[in-house]
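Per-entry structural report
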Amino acid sequence: ELDLETNDVGFDFSDIEEATSLEVLYLSRTNLDSLDRIWLASNLRELHVTNNDITGRIPDELFNLVKMERMFMNYNSFSGRLPTKVGQLINLEELYLMHNELTGQIPASIGNLQKIKVLALTENKFQGTLP
């Protein structure tokens with residue numbers, strides 16, 4: 001577990017694949033502005049990146065973290081559609097994406113999340129029907 005929450009630290013994921021025992025990562029309120037290469041932390045079960053400066057689309061590669069159980073990515077500025085690859089997170093129990101700028105329809109693949117207990121998607125710009 002690595003907890004740097006509420007610190008103004010520069011964080012770069014360039015060598016994160018070497019942190020083979022890292023399962024829980026707290027980076028909320030750290031002024032983080034990118035998730036580039038975080039998906040190389042293949043044993044992550046829990047990711048906290050709430051209240052940061054992350055913009056743009058949610059990287060498809062993030063959904064290769066198949067051990068992920070809890071993902072907290074609310075209060076950022078993610079935009080675009082929620083990738084259909086979200087359905088690959090078969091162990092996901094909690095997904096928090098509130099207060100971003102996500103658009104489009106919620107992908108049908110969300111139905112693959114059979115262990116999901118909390119799906120928090122409020123305060124976005126989703127449209128259409130629920131899958």
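Below, the structure is looked at part by part. (Residues numbered from 1 in each chain as written. Predicted model: local features only at pLDDT ≥ 70, side-chain atom pairs only at ≥ 80, totals over all residues. Heavy atoms only, no water.)

So, the environment of Ser77
How we decide: The numbering of helices and of strands both runs from the N terminus, where a helix is a DSSP run of H or I of at least 4 residues and a strand a run of E of at least 2.
Mapped onto the elements of the fold, Ser77 is located in strand S6 (residues 77–81). The spatial distance from the C-alpha of Ser77 to the C-alpha of Arg45 is 23 Å, given a sequence separation of 32 residues.

Section: the sheet that holds strand S2 (residues 24–26)
Worth spelling out the cut-off: Strands are labelled as partners when DSSP assigns at least two bridges between them.
A sheet is described by the order of its strands in space; here six strands give the open sequence S1-S2-S3-S5-S7-S9, paired in parallel fashion. The open sheet has two edge strands with one neighbour each: strand S1 (2–3) and strand S9 (118–120).

Considering the side chain of Thr30
Put simply, the test is: Note on definitions: a residue-residue contact is assigned when non-hydrogen atoms from the two residues lie within 4.5 Å.
Structurally, the position occupied by Thr30 is in the loop between S2 and strand S3 (46–48). The residues touching Thr30, leaving out its near neighbours within four places in the chain, are Leu4, Glu5, Thr6, Asn7, Asp8, Val9, Asn51 and Asn52.

Overview of the packing of aromatic side chains
Think of a pair of aromatic rings as described by two things: how far the centres are apart, and how the planes are tilted against each other in angle. Test applied: Only rings of Phe, Tyr and Trp enter the pairing, Trp through its six-membered ring, and a pair is recorded when the two centres are within 6.5 Å. The plane angle decides the type: under 30 degrees is stacked, over 60 is edge-to-face, the rest tilted. Burial status follows relative accessibility: with a 1.4 Å probe on protein chains alone, a residue under 20% of its type maximum counts as buried, one over 50% as exposed, and anything between as partly exposed.
Enumeration according to the criterion identifies one aromatic pair in this entry. Plain terms: the ring middles of Phe72 and Tyr96 are 4.5 Å apart, the flat faces sit at 10° to each other, and that makes the pair stacked. Of the two residues, Phe72 sits in strand S5 (residues 70–72) while Tyr96 sits in strand S7 (residues 94–96), which places them 24 residues apart along the sequence. Under the relative-accessibility criterion, Tyr96 is labelled buried at 17%.

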